[in-house]
Amino acid sequence: DVVAVVMAAAYLGSLTRISGTVFENEAGWNASVAAVEASLLKQLQSSFVGSPWLCRQIDFDMCDVGLQLSHPRNSHLLSAAAQHIDLFVFGYVVHEVEAQLRSPGTPVAEGVGGVFPELFRLCAERQVSDPSSTGCAFLFLDATTR
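Computed from a predicted model, the values in this text were never measured in an experiment.

Student: In this structure, what is going on with the packing of aromatic side chains? I would like to understand it.
Tutor: Aromatic ring pairs are described here by two measures, namely the spacing of the ring centres and the angle between the planes. Under the definition given, this model contains eight aromatic pairs. Where F116 meets F120, the ring centres are 5.9 Å apart and the plane angle is 35 degrees; that geometry is what we call tilted. Residue F116 and its partner F120 are both found in helix α5 (residues 116-129); the two are separated by four residues, about one turn of the helix. Residue class for F120 comes out partly exposed when judged on its relative accessible area of 39%.

What follows is the structure, given as structure tokens:
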């Protein structure tokens, strides 16, 4: 998802410097994230003259969206969200962990748990404390027949 944002910015001639962090529950993704970052930087250098600086970095960190944001396992996500994340992209994770995000039998209309209640509250508080900020945007990319 970070790659798509960086490539779109490069294509549009944006001057915005983009960094991203992949927060994941499986440590095995770390090597893949590093390989994607290296490939992206190489592509930017060869295809978009003068734009390798667009992508500052792509980091990897651990989190578990099934746990509260304040849980120690999510401390890096909490710290990042409190400071500077403008766009949260949840790609195919909400559907995968749906059972962890709400009590069995609870209607979806009653909301979800995990990181989301605290994360939504934190982003709302950031916007209230600094009305000039752009706030937080959320993009959920889940595919399900339900």
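That was the structure; now back to the text.
Student: I keep staring at the packing of helix α3 (residues 75-83) against α5 and nothing clicks. Help me out?
Tutor: For any two helices packed against each other, one specifies the inter-axial angle together with the distance between the axes. Taken N-terminus to C-terminus, the directions of α3 and α5 make an angle of 25 degrees; their axes are 9 Å apart at the nearest point. Judged by the angle between their axes, α3 and α5 are roughly parallel. Crossing angle aside, the handedness with which α3 passes α5 is right-handed. Seen from α3, the contacting residues are L78, A81 and A82; seen from α5, they are L119, L122 and R126. Looking at the contact of α3 with α5 residue by residue, the classes come out as five nonpolar, no polar and one charged.

Student: Looking at this model, I keep getting lost on the side chain of R126. Mind explaining?
Tutor: Checked against the element boundaries, R126 lands in helix α5. Exposure remark for R126: the relative accessible area of 14% places this residue in the buried category. In terms of polar contacts, R126 uses its side chain to reach the backbone carbonyl oxygen of I85, at 2.9 Å. Dropping the residues within four chain positions of it, R126 is found in contact with A81, A82, H84, I85, D86, S133, G135 and C136.

Student: Explain the pairing of strand β3 (residues 87-91) to me, please; I cannot follow it from the model alone.
Tutor: For a regular strand, side chains alternate in direction, first toward one face of the sheet and then toward the other. Only one face of β3 is buried, namely the one carrying F88 and F90, since none of L87, V89 and G91 on the opposite face is buried. With five bridges joining them, β3 and strand β4 (residues 137-141) adopt parallel strand pairing. Bridging from a neighbouring strand, V89 pairs with L139 of β4.

Student: Looking at this structure, I do not really get the confidence of the model for the protein chain. What am I missing?
Tutor: Residues shown with low pLDDT carry predicted positions that ought not to be read at fine detail. For the protein chain, per-residue confidence averages 83 on the pLDDT scale, and 92% of positions sit at 70 or higher. Within the protein chain, no element has a lower average pLDDT than helix α2 (residues 29-47), which sits at 80, and none a higher one than α3, at 91.

Definitions and cut-offs
Residues numbered from 1 in each chain as written. Predicted model: local features only at pLDDT ≥ 70, side-chain atom pairs only at ≥ 80, totals over all residues. Heavy atoms only, no water. Phe/Tyr/Trp six-rings, centres within 6.5 Å; stacked < 30°, edge-to-face > 60°. Helix = DSSP H or I, 4+ residues; strand = E, 2+ residues; numbered from the N terminus. Buried < 20%, exposed > 50% of the residue type's maximum accessible area, 1.4 Å probe, protein only. Axes fitted to C-alpha atoms, helices over the stretch in contact; angles between N-to-C directions. Parallel < 35°, antiparallel > 145°, perpendicular 65-115°, else oblique. Left-handed = near helix turned anticlockwise from the far one by under 90°. Contact = heavy atoms within 4.5 Å. Nonpolar A, V, L, I, M, F, W, Y, C, P; charged D, E, K, R; others polar. Polar contact = N/O pair within 3.5 Å; in protein donor to acceptor, adjacent residues only side chain to side chain. Pairing = 2+ DSSP bridges. pLDDT = per-residue confidence, 0-100.

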